[in-house]
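# Survey of secondary and tertiary structure
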Amino acid sequence: TNGFNGGPPLALCGNRIFPEAAIARSYVQYAADPTGFREYADGLLYLEQLYPRWVDVFTLDEHFTDPKAVTAGPDGVRSYEETDSGDGRQIWVIRLTDKQVPDAGKKKLFFSLSVHGNERGGLEGGLRAAEDLAMEAEAGTGEVSDGIPNYESATGNDPTFHTYSPAELLGRTDTYLVDFNIDGWEVGDHYTVPTSVYDRTNAMNTDLNRQMPTKGSINVTRNPLKESEMAYGTRFMHELAEKAGGLMSYGADIHGELTSRAYVDIMYPAGQFDSIEHRRLMAIAERTKSVIDATLYAGIQDEIENSTGGNESEGVEEVPCHMGPVGCIDTIPTNTIPTKPAHWATVWDTLGYTDTGFIGDYLATDVAVTGMDYEIFLNHTVPDKVWNVYLQENHINASRGIIKTAMAYSLHQDEEFAAFRLETGGQAGYVYDPAVVTDTDANGPGELPGPEGDGIGEDGLPVKQASYSATRMRYFTDAGELMTKPFVKLLPTDIARSSAVLDRVDSLVLADVPLPRDARGRSVDRAAYFRNLKAWVERGGNLVLTDRALHALVDLGLVEDGAVEDLEVYQPYSDISDFTDPLVAGLRANARQLVEAAILGYGIGGTASPMTGVSEEAFTGAGGVVVGTTTGAVTLGRLAVGKGRVQVVGGALPTPTEDNDHRFGLRDYGLTYSGLYVMENAVTYDAPGLGAAAPTGFSPVRPGTAAADAAAAAARGRTLAATGADLTLAVVGALLMLGAVASRRRGRAARRA
Ligand SMILES: [Zn+2]
C-alpha cells in the first residue's frame, strides 16, 4: 500500500496492491502483522483511496449500523447472543462501479468468495479481479468479454460475444464481492497466535454454505440463517436485489475443492427454471467455461490426461461406477475422465453428492436472474497454507474469469433468449390434476420442522413453517408461456366420455399421476379413460408418461402387470444409451440427472428420490426402443402403438412431498437442463390428422444435434433404398453414421455410464 497504514512499497508488489501469484509471499492475511498493518483491510482501504471513482469498501456492521453484523469470533458465541464478548470480526464488502454514472439501470452482481475458510482461491482471485478492473478503468485500458468462441452452445443458439472496456463495464454494472467466513480464514493466518490450518467453518463449527433458506427439504440438524454471517449476508443480498427492482442480474459463490477431474467445476444451480431461465443458465456456464478453458495454465490438466488416458471431453464427476440405490453397484473400468480446465453439470453430476442451503442455489433462485456455484481444484486442505505459484495463479485466474465473464454477460443475458419460443410442431396437451400440496389442507404441512418433526428446531426453539401451495401442473402453465402453441389442459372425465376430445392434441402428457381426479368433481370411468387414450394413440397420438404415470403402460395393455416398477434413487436420472435418439436431442454428452428432487421436498440420500421404470425385457418385448435406463429399468424410451407412440420419462415431474422438514416451503417442479430438454423433445411432434398442423419446414428433431444427424441419415437411407440408387453410397453413409455413434460412445465412456 505504498506506506498507507504502514504497508510495503507498491513497487515491491509489481505496482499492485494485491500482487500476482508469482511475487506474492502467501495468502492475503486478515490478521494484523506485528507492526499493526492489515493486508486485507488496509489493502482494501488503499484500493478505495487510489480508485475513488470505481471502488467503495465498507463493512456490514457499518452498513447496517449494527455491531452484531459481524462473525461469531474466537469466543465461540454468536454476535447477537447475550454472552457474546463483542469479539466478532468485521465482514468487508468491495463495491465496484463507476460512481460518476447514476445507479439507475445498472446490472447488479454479487459474489461470495471463500465461504469455506480453507478454500482461499475465490478471495485471492476476487481481490485481484477488483483491482484489475479499477486500475484499468482508471487508466482507460483493458477489455473484458462475455465469452470466447471456442465451443458449440448447448442452448441451441449461436452465441454472439461482446467486449467492453473496464470503464464502460463499471459504468453499466454494480458489483459486490464479499468474504463471509472471516472466522475460518483468520485462524489460519500466519500472524494469528497460535496459528492453525484454515477452517472450513466459522467459529461455531457451522458450514456457512448450508445456511440459506432454500425451499424444499432441509437437513433437520441445521438451522438456516442462525449464524450472524449469513443472516446479515442474506439481508444484504435482499437489499441489493430490491434496489435492482426485485432481482440482481447474477450471483455466485466461489469455492475450492480437494481434487476433481476438472480444474474448475461449474455447478449448475437447483431451482424451478423454465425454458428461458435454463438457457440463460446454460449460457453463463458455457461462457465462463470458454474463458477458463482459454486462460488457465493447462500443464496440470495435461498431466492428468496423460496418466489416465482421459481426453478433453466432458464427463460426469463421480467415482467410476454405475450407481445403484445405495451407491456404486459395479465399476466401469473404461471410465476415463474429462480434463478440460472447466467442466459444467449439476452439483450431483460434478461433485457426486448434493445438499440444500447452498449460497449459489439461493442466489440463482431467490435473489438474482442467474447464478452459479464454482469449485476450484486443489484449493482446499491441500495445499492449505502452502503457496504454490502455479496452483495459485490458476485459482486466481479462474476466479477472475468467473467474475469478469459474468459482469460482461449481465449486459446481454436478458436479451439473448428473450425471443425464445418452443416450436412443438403440433399441439401439446396435458391431463390436469387439481390436487395441490399445501400446508392449508387437512394434514397441514405434513412433517413439521426439526429433528423430532414437532416444529422445534435443533436449538430447542420453535421453527416457523412457511406457507406454500405446490403443484407440478405449474410446469405446464410456465412452459406454455414460452411455446408457440401453449399446452392445452384436458380433464379426465372428458377424455373418458369421448375419445374425440383428444383429437385436439398431437401430444398428451400424463405427469406422475396416470388418472387424476376430475377438476370439476365428475366421476371418471377408468376403463373408458384408458380405452380412449389408447384409441387416440393408435390414431397417431403421442402419449408421454412421466414418473409414476408409467404405470399407465399396464392400464393401456402394453406391458404385463408387474413390469412397471417404482424406483428409489439419489436423484432422478437416466443412463442414456442412445444420444442419437430424438427424445434426448440436444443433451450434452454427460447428461444424466433429470430432476433436482430436494427442492420438491425429497431428502438427500441414496434412496430418497422417486422415479419409475419399466422392465427392459417387457419394454423391448412390446417393441419398445430403449433410450436410457436406471438400475436396469427403462426410464427413457419409446413404444410404437398403431400409428402413434407412447414415450416414457421415468423422472421429470414428481409430485412435491411433505414427508421431510420443508420449513421454507416447496417448489412446484425441478427439472434439470437435461430433464427440461427431454420434456421439450417429448412433446415436439406432429401427428397427421390430429391436433394442430406444424408450420412449414418444421422438423421434429432439434437441429444441429446427433439426433438430427441420425434422422437425416436415416431419411437419406430411405430415399436411396426407395430409388434403388447406388448401394455403395448407402453403405458409406451407414459407415459414417456408425463412426459418429462410436465417437459419441467414446465421449460417453469418458463421462462414466
Ligand atoms: Zn466450499
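Please refer to the structure placed before this passage.
Residues numbered from 1 in each chain as written. Predicted model: local features only at pLDDT ≥ 70, side-chain atom pairs only at ≥ 80, totals over all residues. Heavy atoms only, no water.

### What to know about the coordination of the zinc ion
Around the zinc ion, the protein supplies His 116 (ND1), Glu 119 (OE), Glu 119 (OE) and His 255 (ND1) as donor atoms, at distances of 1.9 to 2.8 Å. Because the angles between the four donor atoms bound to the zinc ion fall within 51 to 155°, the donor set is best described as irregular. As a motif over one chain, the donors of the zinc ion read H-x2-E-x135-H. Taken together, the residues Glu 119 in the loop between strand S3 (107-113) and helix H3 (121-139) and His 255 in strand S7 (residues 248-256) connect sequence positions 136 residues apart. (Donors = N, O, S within 2.8 Å, 3.2 Å for Na, K, Ca; no water. Tetrahedral: all angles 85-135°; square planar, octahedral: opposite > 155°, others 65-115°. Helix = DSSP H or I, 4+ residues; strand = E, 2+ residues; numbered from the N terminus.)

### Notes on the side chain of Asn 181
Locating Asn 181 in the fold gives a position in the loop between strand S6 (173-178) and helix H5 (182-186). Residue classification places Asn 181 among the buried residues on the basis of a relative accessible area of 0%. Polar contacts involving the side chain of Asn 181 include one to the main-chain amide nitrogen of Gly 184, which spans 2.9 Å. (Buried < 20%, exposed > 50% of the residue type's maximum accessible area, 1.4 Å probe, protein only. Polar contact = N/O pair within 3.5 Å; in protein donor to acceptor, adjacent residues only side chain to side chain.)

### As for the packing of aromatic side chains
In the structure shown here, the tally under the stated rule is 26 aromatic pairs. Their ring planes at 50° and their centres at 5.2 Å tell us that Tyr 263 and Phe 377 sit as a pair that is tilted. Linking Tyr 263 in the loop between S7 and strand S8 (264-268) with Phe 377 in the loop between strand S12 (368-376) and helix H11 (389-409), this pair joins segments that are 114 residues apart in sequence. Considered together, Tyr 263 and Phe 377 belong to a single accessibility category, that of buried residues. One aromatic cluster is present, built from ring pairs that chain together Phe 58, Phe 110, Tyr 176, Phe 180 and Phe 236. (Phe/Tyr/Trp six-rings, centres within 6.5 Å; stacked < 30°, edge-to-face > 60°.)

### So, the sheet that holds S6
The eight strands lie next to each other as S1-S2-S6-S3-S7-S12-S8-S11, forming an open sheet whose pairing is mixed. The sheet is open, and its two edges are formed by strand S1 (55-59) and strand S11 (342-346), each paired on a single side. Between one strand and the next, the sheet's axes are offset by a mean angle of 20°, whatever the strand orientation. Looking at chain direction, S1 and strand S2 (residues 92-96) are connected through five bridges and run antiparallel. (Pairing = 2+ DSSP bridges. Axes fitted to C-alpha atoms, helices over the stretch in contact; angles between N-to-C directions.)

### A look at helix H7 (residues 275-295)
Look at H7: 31 Å from first C-alpha to last across 21 residues, which is about the 30 Å you get at 1.5 Å a residue. Burial of H7 is extensive: 18 of the 21 residues sit out of reach of the surface. Capping the start of H7, Asp 274 holds a side-chain oxygen 3.0 Å from the backbone nitrogen of Ile 276, two or three residues further along. (Expected span 1.5 Å × (residues − 1).)

### Some remarks on unusual backbone geometry
Put simply, Val 193 and Pro 194 share a cis peptide bond, and its omega is -10°. Here Pro 194 shows up in the loop between H5 and helix H6 (228-243). Of note, the bond from Val 382 into Pro 383 is cis; its omega dihedral lies within 30 degrees of zero at 5°. Positionally, Pro 383 belongs in the loop between S12 and H11. Phi angles above zero are rare outside glycine, and Thr 65 is one such case at about 40°. Turning to its location among the elements, Thr 65 is positioned in the loop between helix H2 (60-63) and S2.

### Comments concerning the pairing of S12
Counting buried positions along S12 yields nine of nine residues, so the element is predominantly enclosed. Here S7 runs beside S12; their pairing, made up of eight bridges, is parallel. Bridging from a neighbouring strand, Asp 253 pairs with Asp 373 of S12. Pairing analysis gives four bridges linking S8 to S12, with the strands arranged antiparallel. By the bridge assignment, Met 267 is partnered in S12 with Asp 373.

### With respect to the nonpolar core
The biggest cluster of nonpolar side chains holds 142 residues, and the ones touching the most others in it are Phe 110, Phe 111, Met 237, Val 264, Tyr 475 and Phe 487. Considering every element that reaches this core, the biggest residue donor is H11, with nine residues. Each of domain 1 (53-120 + 133-298 + 341-416) and domain 2 (428-689) contributes no fewer than three residues to this core. Leaving out residues up to four positions away in the same chain, Phe 110 has contacts with Tyr 176, Val 178, Phe 180, Phe 236, Met 237, Leu 240, Met 248, Tyr 250, Gly 251, Ala 252 and Leu 363. By size, the runner-up hydrophobic cluster in this structure holds 38 residues, among which are Leu 502, Ala 528, Val 537 and Leu 553. (Core = buried A, V, L, I, M, F, W, Y, C linked by side-chain atoms within 4.5 Å. Domains from an automatic or database assignment. Contact = heavy atoms within 4.5 Å.)

### Structural notes on the pattern of salt bridges
In the structure shown here, the tally under the stated rule is 47 salt bridges. Taking the shortest distance from any N to any O, the salt bridge between Asp 179 and Arg 120 comes out at 3.2 Å. Here Asp 179 is found in the loop between S6 and H5, whereas its partner Arg 120 is found in the loop between S3 and H3, with 59 residues between them in sequence. You can call Asp 179 buried: its relative accessible area is 0%. The buried category is assigned to Arg 120, whose relative accessible area is 1%. Each member of the salt-bridge network shares a partner with another, and the members are Arg 16, Glu 20, Glu 131, Asp 132, Arg 400 and Lys 404. (Salt bridge = Lys/Arg side-chain N within 4 Å of Asp/Glu carboxyl O.)

Interpretation note: all reported values are geometric properties and have no functional meaning in isolation.
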